[in-house]
Structures are given as structure tokens and as C-alpha cells.
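For reference, the chains in residue letters:
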Amino acid sequence: MAGSKYQYVKNFELPDPLLPGTFMVYRLDGHSFHRFSDEHEFSKPNDLRALRLMDHAAQKLMEEYPDIVLGFGESDEYSFLLRKSTSLYNRRQSKIVSTLTSYFTSCYVLYWPTFFPDSPLRYPPSFDGRVVLYPGEKEIRDYFAWRQADTHINNLYNTTFWALVQQGGETTTQAHATLRGTISKEKNEILFSRFQINYNDIDPRYRKGSVVVRTEVPEEEAPDETEQQKKKAKKKAKPRTRIDVIHCDIIKDQFWNERRILEE
Ligand SMILES: Nc1nc2c(ncn2[C@@H]2O[C@H](COP(=O)(O)OP(=O)(O)OP(=O)(O)O)[C@@H](O)[C@H]2O)c(=O)[nH]1
Ligand SMILES: [Mg+2]
Ligand SMILES: [Mg+2]
């Protein structure tokens, strides 16, 4: 059937497949969260509620999309690694980016009241999304190292900045000036000598960001299952997994050696 005379316009919709056999990293970032965090009075330098909500939305996304093998979050952003061989939506770029971004955003809004029980949403938050393809394991390791190094740099800066303002009585302009041109060691020294803060004692959640991984669940760890559920679970070829949020180093080899993240 030829369809209607209008149908030719469909030909303007071009396919946008992502190169097969490459690693796909999908990253989203809160749109204008500088304003959003102000309007919702996020605490400075880090708002635990907001970070936990991001982590929760990331876990929900990974529950929905089994092809995501790793997540990493900091501030208003999250990165997700998809299996190299994923055929999610036939690797159609816009379909993947728009659906994942929309699902994460919906989760962020749906679970907002759980994490902000005393602070209703004042306007609808939105996130941008993108996919970047990487050819090999080295680039994937370096990508995640880049994001975690960024977490460290930003957190050290923000922690020192807000200590100068909140505890040191400096104005934000003065604090900017105090920190201009300082290296990490100097920020650590300001924190320690002026505010008795040992940077390494700060919660790893803030220093390392959030790492979301699938962990295989050994059978004895699910004690409330019935015998029938246990049998059913055993029958399944795939081991059962749990989606955990941890705050560990992902720059060194150990994390990657302990897990089979980069395997098919
Ligand atoms: N107070 C506070 N602000 C936060 C927190 N997490 C993120 N933000 C804010 O969110 C911003 C995120 O930075 P960006 O993503 O670079 O900037 P943006 O304003 O979202 O702008 P675009 O991403 O370009 O749309 C930070 O600069 C902070 O203003 C937090 O835990 N506490
Ligand atoms: Mg942003
Ligand atoms: Mg950001």
C-alpha cells in the first residue's frame, strides 16, 4: 500500500544508529541546577537529600535497563555505561537518549517527596542527555577517572569555599579571591589550619561521588524467600543481582579487577 500522499514526509526522518561494537556512555546533567538548587534551598556545599535522590533515580534507571552495567554520579550529573554489545532500541541514538533522560527525570520527580518531605517541588526540573561512544577499555577507564577526578576537584573547592564563608566569615567575593590560583595542597592546608577539617575525613560520598554497580546476590543473603522462590531463582540461568550505590575509588585498578564490568 502506498499510503497517503503525505507519507513521503516520513523519508525526512533519518536513521541515527550508534556504531556497533563500541562502548556507549550515556550522561545526563541537570538543566540550570544552579538556579534549581537555589530555589529549593539545597545545603552547601553538598545537599545529602539531593544526592540521595539522584542515586535513587539512577538505581531505578538501572533496574529498568539491564544493559546498563555501571553508573557514576556527582552533583547534578550521572553517567551510565552500557554493555558494549547492547542492542538497546537497535542502538538508535535519539531513542536511547530521549527515553533514558525522560525515565530518569520522571523518577527524580516521582521520588522527590521521599527525599524532600518538607520541601515541595516549585517547578519542573529537567535534564539534558547525550551519548558518547568510546572505542576501548582504556577510554572507558579514563572517562570514569575523569568524572571522579572532577568530583574531587569540585568538592575540595566547594568545601573550602563554603568553610571560608560559613565558618570564616568571608563574603563569597572574598572567598573566591582567597582561593584564586591555589593548588589542592593549599586548599587542604586552609581547611586544616583554619577550620580543623581534615579533608580525608570528609564523607567519601562527597569526595568520591556515587558508584552504582550490580552485585551478585549469594543465596544465603535472601533469607525471607520461600523454598519455591529459591527453586525458581536457581532455575534461572542468570544469577540474581542487587543494585548497590557505593562511594569508592574507580581510578585505580582494584575496582575494575574485582568486577567484570567491561566484559560482554
Ligand atoms: N547547594 C548545592 N548546589 C548544588 C548541589 N549539587 C549541584 N548544585 C548546583 O548545581 C550546579 C551544577 O552545575 P552545572 O551542571 O555545571 O550547572 P547548571 O546550573 O546545572 O547549568 P547547565 O548544566 O549548563 O544547565 C552547581 O553549580 C550548583 O550550583 C548541592 O549538593 N548543593
Ligand atoms: Mg547542570
Ligand atoms: Mg553538572
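Residues numbered from 1 in each chain as written. Chains lettered and ligands numbered in written order. Predicted model: local features only at pLDDT ≥ 70, side-chain atom pairs only at ≥ 80, totals over all residues. Heavy atoms only, no water.

Per an unreviewed UniProt entry, the recorded name for the protein is tRNA(His) guanylyltransferase, and the organism is Guyanagaster necrorhizus. Taken directly from UniProt, the Function (unreviewed entry) text for the protein runs: "Adds a GMP to the 5'-end of tRNA(His) after transcription and RNase P cleavage." Listed under Catalytic activity (unreviewed entry) in UniProt, the entry text for the protein is "a 5'-end ribonucleotide-tRNA(His) + GTP + ATP + H2O = a 5'-end phospho-guanosine-ribonucleotide-tRNA(His) + AMP + 2 diphosphate + H(+)". (UniProt positions renumbered as here; feature names shortened; annotations may be inferred.)

**Some thoughts on the overall build of the protein**
Regarding its fold elements, the protein presents ten helices and six strands. Its C-alpha atoms give the protein principal-axis dimensions of roughly 75 × 60 × 40 Å. Per-residue burial over the protein gives 41% buried out of 264 residues. Considering only intrachain contacts with a sequence separation of at least 6, the fraction spanning at least 24 residues in the protein is 74%. (Helix = DSSP H or I, 4+ residues; strand = E, 2+ residues; numbered from the N terminus. Buried < 20%, exposed > 50% of the residue type's maximum accessible area, 1.4 Å probe, protein only. Contact = heavy atoms within 4.5 Å.)

**Observations concerning the UniProt feature "binding site: Mg(2+) 2" (unreviewed entry) in the protein**
The UniProt entry lists Asp29 and Asp76 under the feature "binding site: Mg(2+) 2" (unreviewed entry), expressed in the numbering used here. In summary, the annotated positions, though distributed over 48 residues, converge in three dimensions, the widest C-alpha pair being only 5.6 Å. With respect to the helices, strands and loops of the structure, Asp29 is situated in strand β1 (residues 23-30). Look past the residues within four positions of Asp29 in its chain and what remains in contact with it is Asp76, Glu77, Ser126, Phe127 and Asp128. Structurally, Asp76 is set in the loop between β2 (68-74) and β3 (77-82).

**Quick look at the coordination of the magnesium ion (ligand 2)**
A metal bound by six donors in octahedral fashion has ideal angles of 90 or 180 degrees, whereas one bound by four tetrahedral donors has an ideal angle of 109.5 degrees. Summarising the metal site, the magnesium ion (ligand 2) is bound by the protein donors Asp29 (OD), Gly30 (O) and Asp76 (OD), whose distances to it range over 2.0 to 2.1 Å. Motif for the magnesium ion (ligand 2), donor spacing along one chain: D-G-x45-D. In this structure, the magnesium ion (ligand 2) is positioned 3.4 Å from the magnesium ion (ligand 3), and both are ligated by Asp29. Of the two residues, Gly30 sits in strand β1 while Asp76 sits in the loop between β2 and β3, which places them 46 residues apart along the sequence. Per residue, the accessibility class of Gly30 equals that of Asp76, and both read buried. (Donors = N, O, S within 2.8 Å, 3.2 Å for Na, K, Ca; no water.)

**Re the site of ligand 1**
Lining the immediate environment of ligand 1, one finds 15 residues, of which Asp29, Ser32, Phe33, His34 and Asp47 sit closest. Between ligand 1 and Ser37 there is a distance of 3.5 Å, counted from a nitrogen atom to a side-chain nitrogen or oxygen. For ligand 1, whose unbound accessible area comes to 640 Å², protein coverage reaches 65%. Looking at the shell around ligand 1, the elements with two or more residues in it are β1 and α1 (33-39). At three residues, the largest contribution of residues to the shell around ligand 1 is made by α1. Considering only residue class, the shell around ligand 1 consists of three nonpolar, eight polar and four charged. (Near = heavy atom within 4 Å. Polar contact = N/O pair within 3.5 Å; in protein donor to acceptor, adjacent residues only side chain to side chain. Areas by Shrake-Rupley, 256 points an atom, 1.4 Å probe, with all protein chains shown as cover. Nonpolar A, V, L, I, M, F, W, Y, C, P; charged D, E, K, R; others polar.)

**So, the packing of helix α5 (residues 137-166) against helix α6 (residues 172-179)**
Any two packed helices are characterised by how steeply their axes cross, that is the angle between the axes, and by the distance between the axes. Orientation of α5 relative to α6, taken along the N-to-C sense of each, is 130°, at an axis distance of 9 Å. The orientation of α5 with respect to α6, classified from their angle, is oblique. The handedness of the crossing between α5 and α6 comes out as right-handed. In this structure, α5 contributes Tyr157, Thr160, Phe161, Trp162, Leu164 and Val165 to the contact, and α6 contributes Thr172, Ala175, His176, Thr178 and Leu179. (Axes fitted to C-alpha atoms, helices over the stretch in contact; angles between N-to-C directions. Parallel < 35°, antiparallel > 145°, perpendicular 65-115°, else oblique. Left-handed = near helix turned anticlockwise from the far one by under 90°.)

**Looking at the UniProt feature "binding site: Mg(2+) 1" (unreviewed entry) in the protein**
Look at the UniProt record and you will see "binding site: Mg(2+) 1" (unreviewed entry) annotated at Asp29, Gly30 and Asp76. With near-sequence residues (within four places) excluded, Asp76 lies in contact with Leu28, Asp29, Gly30, Phe33, Met54 and Phe127.

**Looking at unusual backbone geometry**
At the junction of Lys44 and Pro45, the peptide bond is cis and its omega measures out at 5° in the coordinates. Here the phi dihedral of Asn90 falls at roughly 50°; this positive angle occurs in a residue that is not glycine. Phi at Arg91 is positive, roughly 60°, even though this residue is not glycine. Residue position: Arg91 is located in the loop between β3 and α3 (93-110). Residue Arg91 is classed as buried on the basis of its relative accessible area of 7%.

**Considering the nonpolar core**
The tendency in soluble globular proteins is for nonpolar side chains to be buried side by side. Membership of the largest hydrophobic core comes to 34 residues, with the highest contact counts inside it found for Tyr26, Ile68, Tyr78, Phe80, Leu100, Phe104 and Tyr108. Those elements giving two or more residues to this core turn out to be β1, α1, α2 (48-64), β3, α3, α4 (112-115) and β4 (127-134). No other element matches the seven residues that α2 contributes to this core. With residues near it in sequence (within four places) discarded, Tyr26 still touches Leu61, Tyr78, Ser79, Phe80, Leu82, Val97, Leu100, Thr101, Gly129, Arg130 and Val131. Val25, Val211, Val213 and Leu262 belong to the second-largest nonpolar core, a separate cluster that totals 17 residues. (Core = buried A, V, L, I, M, F, W, Y, C linked by side-chain atoms within 4.5 Å.)

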